[in-house]
Amino acid sequence: HIIDQFPNLWWINTTGEGTSFLNKDLIKILEYTRSRGIFIKFVESFTNLSRDEMKEIIRLGVERIYVSMEGATAETYEKVRVGASFDKVIENLLTFRELKKEMGSPLPEISYRYVVMSGNYQELPDFVRLVKKIDLGNTINVVGTLDYDEIKHLSIKERQQYIDELLKIADDLDIDTP
């Protein structure tokens, strides 16, 4: 219904804040959007994706997924994403990489979104190395927390040293950091 209201729509991000797969009808939405020839991107944490969902995303030709991660180690990641498993996310990313190869698809492109905050900014350099090791996508977007009163204490101002180190390592490893 929403897409039909915009006949000249050429791209869509199916995520507001959070993960697109919180919507149980996401695959149907992606199928309809794809049938209209619209460029699709969304944010996904890769915490709970099934193999079948991964195959559908690849089959549909979704153009880009931003993988939201907040740590380069299980300890940090699981502190931020309470109840999530760092090891499961890495396993899912590796599975996704293999499925893309099996299905012979360059899409979707994978970019990483690192939400930097007071408890994880120190891991930025290690995160770049992790992205290189996973070998699924070579772009990292570093973003800050949203400005809600409940999470203002997580914002940081003194992170330039880590960002400078991230940029140097990313350049050495051929990782894009727009």
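Presented here is a report on the structure given in the accompanying data block. (Residues numbered from 1 in each chain as written. Predicted model: local features only at pLDDT ≥ 70, side-chain atom pairs only at ≥ 80, totals over all residues. Heavy atoms only, no water.)

### Focus on the environment of I90
Secondary-structure assignment places I90 in helix α4 (residues 86-103). Other than its neighbours up to four places away in sequence, I90 contacts M69, L130 and I134. (Helix = DSSP H or I, 4+ residues; strand = E, 2+ residues; numbered from the N terminus. Contact = heavy atoms within 4.5 Å.)

### Section: the pairing of strand β4 (residues 109-115)
With respect to burial, β4 is a largely interior element, 5 of its 7 residues being buried. Where strand β3 (residues 64-69) meets β4, 6 bridges bridge the pair, whose relative direction is parallel. Within β4, the residue paired with I65 across the bridge is I110. Of the pairings in the sheet, the one linking β4 to strand β5 (residues 139-143) comprises 5 bridges and is parallel in character. Bridging from a neighbouring strand, S111 pairs with T139 of β5. Between the parallel pair β4 and β5, the chain is carried across by helix α5 (residues 124-134), and the sense of this crossover is right-handed. (Buried < 20%, exposed > 50% of the residue type's maximum accessible area, 1.4 Å probe, protein only. Pairing = 2+ DSSP bridges. Right-handed = clockwise from strand over helix to strand, strands pointing away.)

### Digging into the packing of aromatic side chains
Tallied over the full model, the rule gives 6 aromatic pairs. Ring pairs connect the aromatic residues Y112, Y114 and F127, which therefore count as one cluster. (Phe/Tyr/Trp six-rings, centres within 6.5 Å; stacked < 30°, edge-to-face > 60°.)

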